[in-house]
Amino acid sequence: MSNKSKIKKPITESQPLRLNFGCGQVKVEGYTGVDLYAAEADIKCDLFKYPLPWKDNEVDEIFASHFVEHIPGAIRWNFFDECCRILKPGGLMKIIVPNFKSERAYGDCTHAWPPLTAFSFYYLNKGWREANKLTHGPYALKCDFDHQCGPTGVSPAFSNRNHESQVYALTHYWESYQDMWCNLTKRI
């Protein structure tokens, strides 16, 4: 099934193609807003239907803040496969999701299960999947990303403590931070 989109403004060839997936009503400057429902979106597109309406290796960068956690678990891997397909080699995907140890992950009934963790992103690396014999059935992914993840900010209860105390809190305590960032880089 083809995914049709409605483009509101033209995209020039000379500028990098930077997409803001699930932009909602808050588009990020310098990005083309992509959303199915938001009137503010530059492109109306159902990001849960594949293939996405971009060519292989066409997109320079994808930004998705508080969108990926809404993708149903059964199609989440397909989404990352599609993002990898449309990103240029070395292309970057910046993601922000709720920390799984924060009420933000569970308070919104539109969030899909399971919540994402830093460990979730290992599955998007081909070498890691091969080393762990996860190349069959639902793990037969095409994507190959390197990743870096971290907290978006430390809770005020821990922000004035030394670095070791903060790292311990981030690792062991619930509500130590609300959101997590992750940068995925498409391997060449």
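Placed above this text is the structure.
Criteria and cut-off values
Residues numbered from 1 in each chain as written. Predicted model: local features only at pLDDT ≥ 70, side-chain atom pairs only at ≥ 80, totals over all residues. Heavy atoms only, no water. Helix = DSSP H or I, 4+ residues; strand = E, 2+ residues; numbered from the N terminus. Buried < 20%, exposed > 50% of the residue type's maximum accessible area, 1.4 Å probe, protein only. Pairing = 2+ DSSP bridges. Phe/Tyr/Trp six-rings, centres within 6.5 Å; stacked < 30°, edge-to-face > 60°. Arc of directions from axis to C-beta. Contact = heavy atoms within 4.5 Å. Polar contact = N/O pair within 3.5 Å; in protein donor to acceptor, adjacent residues only side chain to side chain. Right-handed = clockwise from strand over helix to strand, strands pointing away. 1 Å grid on protein atoms, 1.4 Å probe; cavity = no way out; pocket = protein on both sides within 12 Å on 5 of 7 lines; lining within 4 Å. Points joined across faces, edges and corners; volume = space filled by probe spheres on them. Nonpolar A, V, L, I, M, F, W, Y, C, P; charged D, E, K, R; others polar.

Asks: Tell me about the overall build of the chain, and name the residues and values.
Replies: When you go through the chain residue by residue, the secondary structure sums to five helices and eight strands. Listed N to C, the secondary structure of the chain is β-β-β-β-β-α-β-α-α-β-α-α-β in terms of helices and strands. Summarising its shape, the C-alpha atoms of the chain cover approximately 50 × 40 × 35 Å along the three principal directions. Each of the 188 residues in the chain was classed as buried or not, and the buried ones make up 42%.

Asks: Kindly report on the pairing of strand 2 (residues 18-21), identifying the contributing residues and their values.
Replies: Pairing of strand 2 with strand 5 (residues 59-65) involves three bridges; the strand directions are parallel. In the strand pairing of strand 5, L19 is matched with I62. Across three bridges, strand 2 lies against strand 3 (residues 32-34) in parallel orientation. Along strand 3, the bridge assignment pairs N20 with G33.

Asks: Any chance you could break down the packing of aromatic side chains for me, citing the residues and the numbers?
Replies: Counted under the stated rule, the structure contains 19 aromatic pairs. When the centroid spacing of 5.7 Å and the interplanar angle of 40 degrees are considered together, the rings of F21 and W54 count as tilted. Here F21, found in strand 2, pairs with W54, found in the loop between strand 4 (43-44) and strand 5; they are 33 residues apart in sequence, far enough to count as distant. Take F21: its relative accessible area is 0%, and that puts it in the buried class. Taking the relative accessible area as the measure of exposure, W54 reaches 8% and is therefore buried. Between F79 and F80, the aromatic rings sit 5.4 Å apart at their centres with planes inclined by 70 degrees, giving edge-to-face as the arrangement. Among the residues examined, F80 registers a relative accessible area of 1% and is labelled buried. Joined through ring pairs, the aromatic side chains of F21, F48, W54, F67, F79, F80 and F121 make up one cluster.

Asks: Could you give an account of helix 5 (residues 163-172), naming the residues involved and the relevant values?
Replies: What helix 5 keeps buried is the set Q166, A169 and L170. The buried residues of helix 5 all sit within an arc of 95 degrees when viewed along its axis, so they share a single face. Buried-residue contacts for helix 5 involve strand 7 (145-151) and helix 4 (156-159). Put simply, N162 is the residue that caps the front of helix 5, since its side-chain oxygen is 3.2 Å from the backbone nitrogen of E164.

Asks: With reference to specific residues and values, describe the pairing of strand 6 (residues 87-98).
Replies: Bridge count between strand 5 and strand 6: six bridges; the pairing is parallel. Each residue of the ladder has a partner; that of I62, found in strand 6, is M93. Handedness of the crossover is the feature at issue here: the chain leaves strand 5, passes through helix 1 (residues 73-86), returns alongside strand 6, and the resulting connection is right-handed. With seven bridges joining them, strand 6 and strand 8 (residues 179-186) adopt antiparallel strand pairing. Opposite I95, over in strand 8, you have C182 as the bridge partner.

Asks: I'd like a description of empty space enclosed by the protein, backed by residues and values.
Replies: Tallying each qualifying case throughout the model produces one cavity of 30 Å³ or more. By volume, the largest cavity is sized at about 50 Å³. Of the residues assigned to the lining of the largest cavity, the class counts are six nonpolar, one polar and one charged.

Asks: I'd like to hear about the environment of A38, residue by residue, with values.
Replies: Among the secondary structure elements, A38 is positioned in the loop between strand 3 and strand 4. A sequence separation of 17 residues divides A38 from K55, and the C-alpha atoms of the two residues are 24 Å apart.

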